[in-house]
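Each chain, letter by letter, is given below.
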Amino acid sequence: MTSAAKSISVVNTVANLAAHLDPVHADGLTVGFVPTMGALHDGHASLIDASVASTDVTVVSIFVNPLQFVPGEDLNVYPRDIDGDVARCAAHGAAVVFAPSVNAIYPKGLPLEGIDAAKIDPGEVAQPLEGRERPTHFIGVAEVITRLFTAMGPCRAFFGEKDFQQLQVVRHLVAELNMPIAVVGCPTVRESDGLAWSSRNVHLNDRERATAPVLYRALQAAAAAVAEPGWDRMAVEATMSTMIEAELAGPVDYAAVVDPLTLLPPEDPRPGDELRLLVACQFGEARLIDNVGAVAG
Ligand code: PAF
């Protein structure tokens, strides 16, 4: 732990979370919230740092949400390290870790039997890209985020741009449901060779780990290409796919140039328009996603 480490409370129920936060709200202090699924890394640490720097009390939630895993995905092997996570939260100055059970978040049981039983609509922005590859994923994210935000009450909530489409889904939810939450998007944190930090990186073997930075190289090349006058979306997407597939020996799930608000192909992009470039692919046991912002030339 660093010198920033201080005592931290670990709570497991919504009632105990409220017992911590009610006096904070009553005193007019600000609350920061960093929702996570644990296995915390430098990317999460940067979100905690951003929250601690701009709010009075930071809460980190650690909850592996079964509802957002599509059948056949890595729910059972998702990395877990609650002791290490709590130590990291304390070292970065968080005041509370909220680590609920599945029952605490879904008191009536998981609406898994029919994902249709989930009640929250993640919106149109959830449809393309990840929504097409993992059809029920954002339904599960919307459900858990709504429950976590309800438990938290008014706060600033910090999300990494690494999960850019998730960030836009959360922004949609907050606007649609008039939630008293200020959503703050924070830059992706990368390892020295450009690979974005992800809890799933631990599933990469040595060879996969050595080749995985090709995702970021492809995104950077694409960002340079769209900045040129006369760029062509399909050609840029094809170049990204080719670069990644040369290392991967398999197809990418997608390599896309989109409008950052809709996550759809930009309609009639003009020079100076903001774009988002996103890629996703399976690297051995790990499914990796990454993205960067770009400006049209
Ligand atoms: O990004 C994540 O870790 C999860 O999707 C989140 C936002 C904590 C919801 O379970």
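Since this is a predicted model, take the numbers as computed values, not measurements.

J.: Hey, could you run me through the site of the ligand in this one?
T.: The environment of the ligand is formed by Pro 35, Thr 36, Met 37, Gln 68, Val 144, Ile 145, Phe 159 and Gln 166. At 2.6 Å, a side-chain N or O of Gln 68 approaches an oxygen atom of the ligand. Within the side chain of Gln 166, an N or O atom sits 2.6 Å from an oxygen atom of the ligand. Across the complex, the protein chains shield 89% of the 290 Å² of accessible surface that the ligand would expose by itself. Breaking the shell around the ligand down by element, the ones donating at least two residues are strand 2 (31-36) and helix 6 (137-152). Split into classes, the residues belonging to the shell around the ligand amount to 5 nonpolar, 3 polar and no charged.

J.: Looking at this structure, how should I read the nonpolar core?
T.: Soluble globular proteins: nonpolar side chains tend toward being buried together. Residues Leu 17, Val 59 and Phe 149 are the most contacted members of the largest nonpolar core, which totals 46 residues. The next biggest cluster of nonpolar side chains, apart from the first, holds 28 residues, and it includes Val 226, Trp 231, Leu 277 and Cys 281.

J.: How should the pairing of strand 3 (residues 57-62) be read in this particular structure?
T.: In terms of burial, strand 3 is a largely internal element, 6 of the 6 residues being buried. As judged from the 6 bridges shared by strand 2 and strand 3, these two strands associate in the parallel manner. Within strand 3, the position partnered with Val 34 by the bridge is Val 60. Viewed along the sheet, the connection from strand 2 through helix 2 (residues 42-54) into strand 3 turns out right-handed. Pairing analysis gives 3 bridges linking strand 3 to strand 4 (residues 96-98), with the strands arranged parallel. Looking at the pairing, Val 60 lines up with Val 97 of strand 4. What joins strand 3 to strand 4 is helix 3 (residues 82-91), and the crossover it makes is right-handed.

Conventions adopted
Residues numbered from 1 in each chain as written. Predicted model: local features only at pLDDT ≥ 70, side-chain atom pairs only at ≥ 80, totals over all residues. Heavy atoms only, no water. Near = heavy atom within 4 Å. Polar contact = N/O pair within 3.5 Å; in protein donor to acceptor, adjacent residues only side chain to side chain. Areas by Shrake-Rupley, 256 points an atom, 1.4 Å probe, with all protein chains shown as cover. Helix = DSSP H or I, 4+ residues; strand = E, 2+ residues; numbered from the N terminus. Nonpolar A, V, L, I, M, F, W, Y, C, P; charged D, E, K, R; others polar. Core = buried A, V, L, I, M, F, W, Y, C linked by side-chain atoms within 4.5 Å. Buried < 20%, exposed > 50% of the residue type's maximum accessible area, 1.4 Å probe, protein only. Pairing = 2+ DSSP bridges. Right-handed = clockwise from strand over helix to strand, strands pointing away.

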